[in-house]
Amino acid sequence: MFQRLMIDHPRSVGEGYFEHMRASLTVAGRLIAASAGCVVHAVVPGLCTTTGSSAILKLHAEIYPRRFDQPTL
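Counting from 1, residues in each chain are numbered in the order their sequence is written. The predicted origin of the model limits local features to residues at a pLDDT of at least 70 and limits the giving and counting of side-chain atom pairs to 80 or more, whereas totals for whole chains, interfaces and linings rest on all residues. With hydrogens and water excluded, all non-hydrogen atoms of the structure serve as input to the side-chain values.

Quick word on the side chain of Glu15
Quick note on the threshold: Numbering of helices and strands starts at the N terminus; helices are DSSP runs of H or I of at least 4 residues and strands are runs of E of at least 2. In this scheme, a residue with accessible area under 20% of its type's maximum is buried, one over 50% is exposed, and one in between is partly exposed, where area comes from a 1.4 Å probe on protein chains only. In what follows, residue pairs with any heavy atoms lying within 4.5 Å of each other are defined as contacts.
Here Glu15 shows up in the loop between helix H1 (2–12) and helix H2 (17–43). Overall, the relative accessible area of 14% leaves Glu15 in the buried class. If we skip the residues at most four places from it in the chain, Glu15 touches Pro10, His20, Ala23 and Arg66.

A few points about the packing of H2 against helix H3 (residues 51–63)
Keep this limit in mind: Comment: axis = line fitted to C-alpha atoms, over the contacting stretch for helices; angle = value between 0 and 180 degrees taken between N-to-C directions. Every angle not falling under 35 degrees, over 145, or within 65 to 115 is termed oblique; those three ranges are roughly parallel, roughly antiparallel and roughly perpendicular. Rotating anticlockwise by less than a right angle from the far helix to the near helix defines a left-handed crossing, while the corresponding clockwise rotation defines a right-handed one.
At a minimum axis separation of 8 Å, H2 and H3 run at an interaxial angle of 160 degrees. Judged by the inter-axis angle, H2 sits roughly antiparallel to H3. Regarding H2 and H3, the two cross each other, and that crossing is left-handed. Two secondary-structure elements touch here, H2 through Val27, Arg30, Leu31, Ala34, Gly37 and Cys38 and H3 through Thr51, Gly52, Ala55, Lys58, Leu59, Glu62 and Ile63.

Brief notes about the packing of aromatic side chains
Basically, it comes down to this: Here a Phe, Tyr or Trp ring, Trp counted by its six-membered ring, pairs with any other such ring whose centre lies within 6.5 Å, and the pair is stacked when the planes are under 30 degrees apart, edge-to-face when over 60, and tilted otherwise.
Per the counting criterion, the structure on display carries one aromatic pair. Taken together, a centroid distance of 5.0 Å and an interplanar angle of 85 degrees make the contact between Tyr17 and Phe18 edge-to-face. For Tyr17, a relative accessible area of 35% puts it in the partly exposed group.

Topic: unusual backbone geometry
Positive phi, close to 50 degrees, is recorded for Cys48, a residue that is not glycine. Owing to a relative accessible area of 32%, Cys48 belongs among the partly exposed residues under this scheme.

Things to note about the state of the cysteines
Inclusion rule: Sulfur atoms of two cysteines make up a disulfide when they are within 2.5 Å.
Summed over all chains, the structure comprises zero disulfides. Free cysteine Cys38: the closest other cysteine sulfur is in Cys48, separated by 8.3 Å.

Quick word on H2
What counts here: To estimate how far a helix should extend, the number of its residues minus one is multiplied by 1.5 Å.
Helix length check: H2 (27 residues) gives 39 Å between terminal C-alpha atoms against 39 Å at 1.5 Å per residue, within 8%. Taken together, the buried positions of H2 are His20, Ala34 and Gly37. As for H2, its buried residues are in contact with H1 and H3.

Details of a nonpolar patch on the surface
Our working definition: Within this analysis, patches are made of residues with over 30% relative accessible area and no salt bridge. Like charges are joined at 9 Å or less; nonpolar side chains (Val, Leu, Ile, Met, Phe, Trp, Tyr) at 5 Å or less. To be clear on the numbers: accessible area is Shrake-Rupley with a 1.4 Å probe, and residue cover counts the displayed protein chains and nothing else. Note on definitions: salt bridges are taken to be side-chain nitrogens of Lys or Arg within 4 Å of carboxyl oxygens of Asp or Glu.
Taken together, the side chains of Val39, Val40, Val43, Val44 and Leu47 make up a nonpolar region of the molecular surface, amounting to roughly 420 Å² of accessible area. Within the secondary structure, Val43 sits in helix H2.

So this is what it looks like as structure tokens:
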């Protein structure tokens, strides 16, 4: 179970545990920043008009080619 949860997935994408952690946290940080832009946009519609959609498109372009059909928990 430990192997499946902690080692198999990072290895399947060619990364070690900490390398995968760093990549995942980088994506999370970018999503948090995009989310903050969306909140600003919700309050003041003239600001951050493309922040969320631009972040989604950039992340999709980076992550989609690396996808693997793997079962989740």
